[in-house]
2 protein chains.
Amino acid sequence: MKPTATSSSFEDYVKVIYAYTEWQDKPITSSVLATRLGVANSSVSEMVRKLKDQGLVDHQPYSPIHLTPKGLSLALSMVRRHRLLETYLVNELGYTWDEVHDEAEQLEHAVSDHFIERMSAKLGHPFRDPHGDPIPDAQGQIAMVPSHRLDELDPGHVGRISRISDHDPELLRYFEQQGLGLDTELLVVGQLPFGAGWQVGLRTATHDAGPLTLGPDAAVSLWLASVGQHAGCCVQEPTGGTLMVPHMSGL
Amino acid sequence: MKPTATSSSFEDYVKVIYAYTEWQDKPITSSVLATRLGVANSSVSEMVRKLKDQGLVDHQPYSPIHLTPKGLSLALSMVRRHRLLETYLVNELGYTWDEVHDEAEQLEHAVSDHFIERMSAKLGHPFRDPHGDPIPDAQGQIAMVPSHRLDELDPGHVGRISRISDHDPELLRYFEQQGLGLDTELLVVGQLPFGAGWQVGLRTATHDAGPLTLGPDAAVSLWLASVGQHAGCCVQEPTGGTLMVPHMSGL
DNA sequence: TAGTTTATTTAGGTATACCGAAATTCTAAA
DNA sequence: TTTAGAATTTCGGTATACCTAAATAAACTA
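This one's a predicted model, so the numbers in the text were calculated from it and none came from an experiment.

(A) Spotlight on the packing of helix α6 (residues 113-122) of chain A against helix α4 (residues 69-93) of chain B. At a closest axis distance of 11 Å, the pairing of α6(A) and α4(B) adopts a crossing angle of 40 degrees. In terms of axis orientation, α6(A) runs oblique to α4(B). By crossing handedness, the relation of α6(A) to α4(B) is classed as left-handed. Contacts between α6(A) and α4(B) involve Phe115(A), Arg118(A), Met119(A) and Lys122(A) from the former and Leu89(B), Glu92(B) and Leu93(B) from the latter. Here the residues of the contact of α6(A) with α4(B) sort into four nonpolar, no polar and three charged.

Listed below in structure tokens is the structure:
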């Protein structure tokens, strides 16, 4: 796949098209793309035609837009750039998480491949960013850890936190405060009645914090990679009584 | 001085205008500007009009171009960006000197002020880049070390190397090999006959290397900040006899 | 299924930053 | 001081990536 000379607009378009399908399957439509890019629908129609001319997308008029292998490859390289930059800014330049996005957005179009690889080396070639989003390697390969959103897991599952949505900064602070970080082990105890949230057992390297109640918004922000099923099934106690939190396997 | 929203083209234009007068006084002309930017003369005419509209330059038709205080301020901020970026790429990301220029050229337009200040902090707020070119501070102030090019100094002057031109990469390697770096102390012994170069006494932290002969190209690539006049005058020995190199003051 | 609403594309137009060619102004030599 | 040549500007034109408004296609709905 020869790297086409791509304008920074092309890069933004394929990146947004890719991002839409990263965590679900429905392909993106023209108007959603326009909204996400902050441009008019007509601009998207025109640009999608150009992207198609360059072989970056498949598109029939009035239909959703799909990336071609070439477009996917470009998108993955942009995702790699973005997430490595974010990781670098946080780890090496002391950025806070809410400061990195816009900066990375600019830089991802400006830095050379050489810069990206130096940065990756300095960081020890990480395969995920500080919130667990996967960083594709230079060939576009993603180290996928099969995982599920906490709200999709049944009681009894034991998992390691593999991704934390960075959507809500306040929630991010809450997780940190509760000792919930990447690779923290959780036991899914059960869902609270009336959609009030989830109850989980929690164990970190430093302490065995016992049961923890997470609101619905918090539960949909955490992804767990399965560590195994807990054998002795855990009884849900929605009334708030004391819960046995079984000892979980170490990492 | 309110920071105007400036396009990356404006930034390039003022940077080149400034660079032309950094080490001499003659103002830049339209065609020289065009050559340095790699654009047509007609493009310069048009852009200079726009720069004038923005209050960045003074210009009468058919005359050379001068920066206004506002233009100077923008130019200095671009120089700061460029030199901090080059320093950072070399010191923190293991770039070689010939790799940094193009990368910095791109990045200087893309990074935020915040990024620049984080970088500066990480580097310990340097006032010069690895070759001694001054890095303006965030207010545009330059820490000027009064210095002269080696070929402009008379025998007897003792100076610290304060700048090494990065024009010729080969020469750069030669200097390194000879132990000539920033802050190396030199005694100007004298000019060789027939413009064949200069002879200098040299002393580094590690060794007292004695007399050294530099070609004319090497001599115009080194700037010296005066450390003082050597009292006992040094006799020039163009025939190649042994030379007394007096002990020089420490840093 | 006809009609309305929504989604998408087309058509015409803007700003930026470039170009080559032609016209203008300056400079310097005869 | 006139004029050839060089430097500079003006003029018309290009590509990119936007825009609004109008036209068209698709999707509902009654």
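(B) Fine view of the protein's contact with DNA strand C. Around DNA strand C, the structure places 20 residues, and the nearest of them are Ser31(A), His59(A), Ser7(B), Ala40(B) and Ser43(B). A share of 61% of the atoms of DNA strand C within 4 Å of the protein falls on sugar and phosphate groups. Within the contact set of DNA strand C, a base oxygen lies 2.9 Å away from a side-chain nitrogen or oxygen of Ser42(B). Within the contact set of DNA strand C, a base nitrogen lies 2.8 Å away from a side-chain nitrogen or oxygen of Glu46(B). Mapped by element, the contributors of at least two residues to the surface near DNA strand C are α2 (30-37) and α3 (41-53) of chain A together with α1 (8-22) and α3 (41-53) of chain B. Ranked by the residues each element gives to the surface near DNA strand C, the list is headed by α3(B), at four residues. Partitioned by chemical class, the residues of the surface near DNA strand C number seven nonpolar, 12 polar and one charged.

(C) Expanded view of the domain arrangement of chain A. Residue and element names in this part refer to chain A. As far as domains go, chain A holds domain 1 (10-67), domain 2 (80-144) and domain 3 (147-228). Just the C-alpha atoms count here: the centres of domain 1 and domain 2 sit 24 Å apart. Each partner contributes residues to the interface: domain 1 has six residues there, and domain 2 has eight residues. Surface buried jointly by domain 1 and domain 2 totals about 510 Å² across both partners, of which 36% is contributed by carbon and sulfur atoms.

(D) Looking closely at the protein's contact with DNA strand D. Around DNA strand D, the structure places 20 residues, and the nearest of them are Ser7(A), Ala40(A), Ser43(A), Ser31(B) and His59(B). Of all DNA strand D atoms lying within 4 Å of any protein atom, the proportion belonging to sugar or phosphate reaches 62%. At 3.5 Å from a phosphate oxygen of DNA strand D is found a side-chain nitrogen or oxygen belonging to Tyr13(A). Between DNA strand D and the protein, one listed contact pairs a phosphate oxygen with a backbone N or O atom of Ala40(A) at 2.7 Å. Contributing elements (two or more residues each) for the surface near DNA strand D: α1 (8-22) and α3 of chain A together with α2 (30-37) and α3 of chain B. A total of four residues in the surface near DNA strand D trace back to one element, the largest contributor, which is α3(A). Tallied by class, the residues present in the surface near DNA strand D amount to seven nonpolar, 12 polar and one charged.

(E) Local environment of the relation of the copies chain A and chain B. It takes a turn of 180 degrees to lay chain A on chain B, together with a shift of 0.0 Å along the axis; the resulting RMSD is 0.1 Å. Such values leave the two copies arranged in the relation of a two-fold axis. In terms of proximity to the rotation axis, the leading residue of chain A is Ala110(A), whose C-alpha is 3.2 Å off the axis. Of the interface residues in chain A, 100% have counterparts in chain B that sit at the interface too, so the contact is made through matching surfaces.

(F) Region of interest: the environment of Ile65(B). Mapped onto the secondary structure, Ile65(B) falls in the loop between β1 (57-58) and β2 (66-67). Setting aside its immediate chain neighbours within four residues, Ile65(B) contacts Ile17(B), Pro27(B), Ile28(B), Thr29(B), Ser30(B), Leu33(B), Val48(B), Val57(B), Asp58(B) and His59(B).

(G) Geometry of the interface of chain A and chain B. Listed per partner, the contact involves 18 residues of chain A and 18 residues of chain B. Roughly 1600 Å² of surface becomes buried between chain A and chain B when both sides are summed, with 54% attributable to carbon and sulfur atoms. Where chain A packs against chain B, one counts two salt bridges. For the salt bridge of Glu92(B) with Lys122(A), the shortest nitrogen-to-oxygen distance reads 3.8 Å. Our count for the contact surface shared by chain A and chain B stands at nine residue pairs in polar contact (both at pLDDT 80 or more). Secondary-structure elements contributing two or more residues to the side of chain A that touches chain B are α4 (69-93), α5 (97-110) and α6 of chain A. Here the side of chain A that touches chain B is composed, by residue class, of nine nonpolar, four polar and five charged.

(H) Broad picture of the confidence of the model for chain A. Residues and elements named next belong to chain A. Per-residue confidence for chain A averages 86 on the pLDDT scale, and 86% of its residues sit at or above 70. Confidence over residues 230-251 falls short of pLDDT 50; this stretch has 42 contacts with residues more than four positions distant or in other chains. For this predicted complex, the interface confidence comes out at an ipTM of 0.84, alongside a pTM of 0.85.

(I) Main features of helix α6 (residues 113-122) of chain B. For α6(B), the full list of buried residues reads Phe115(B), Ile116(B), Met119(B) and Ser120(B). Angularly, the buried residues of α6(B) cover 135 degrees about the axis, an arc narrow enough to put them on a single face. Buried-residue contacts for α6(B) involve α4 and α5 of chain A together with α4 of chain B. Gly124(B) sits one or two residues past α6(B) and shows a positive phi near 80 degrees.

(J) Spotlight on the pattern of salt bridges. Residues and elements named next belong to chain A. Taken as a whole and assessed by the stated rule, the structure comprises 22 salt bridges over all chains. Measuring nitrogen to oxygen at the nearest pair gives 2.9 Å for the salt bridge that ties Asp151 to Arg149. Since its relative accessible area comes to 23%, Asp151 is described here as partly exposed. Three or more residues are tied together by salt bridges with common partners; here these are Lys15, Glu105 and Glu108.

(K) Region of interest: the nonpolar core. Counting 72 residues, the largest nonpolar core has Phe115(A), Leu180(A), Leu214(A), Leu222(A), Phe115(B), Leu180(B) and Leu222(B) as the members making the most contacts within it. In this view, Leu180(B) contacts Ile161(B), Ile164(B), Phe175(B), Leu186(B), Leu202(B), Leu212(B), Leu214(B) and Leu222(B); residues no more than four positions away in its chain are not counted. With 23 residues, the next largest nonpolar core counts Val14(B), Ile17(B), Val44(B) and Met47(B) among its residues.

Rules used in this analysis
- Residues numbered from 1 in each chain as written.
- Chains lettered and ligands numbered in written order.
- Predicted model: local features only at pLDDT ≥ 70, side-chain atom pairs only at ≥ 80, totals over all residues.
- Heavy atoms only, no water.
- Axes fitted to C-alpha atoms, helices over the stretch in contact; angles between N-to-C directions.
- Helix = DSSP H or I, 4+ residues; strand = E, 2+ residues; numbered from the N terminus.
- Parallel < 35°, antiparallel > 145°, perpendicular 65-115°, else oblique.
- Left-handed = near helix turned anticlockwise from the far one by under 90°.
- Contact = heavy atoms within 4.5 Å.
- Nonpolar A, V, L, I, M, F, W, Y, C, P; charged D, E, K, R; others polar.
- Near = heavy atom within 4 Å.
- Polar contact = N/O pair within 3.5 Å; in protein donor to acceptor, adjacent residues only side chain to side chain.
- Domains from an automatic or database assignment.
- Buried area = accessible area lost by both parts, 1.4 Å probe.
- Least-squares fit on C-alpha atoms with pLDDT ≥ 70 in both.
- Salt bridge = Lys/Arg side-chain N within 4 Å of Asp/Glu carboxyl O.
- pLDDT = per-residue confidence, 0-100.
- Buried < 20%, exposed > 50% of the residue type's maximum accessible area, 1.4 Å probe, protein only.
- Arc of directions from axis to C-beta.
- Core = buried A, V, L, I, M, F, W, Y, C linked by side-chain atoms within 4.5 Å.

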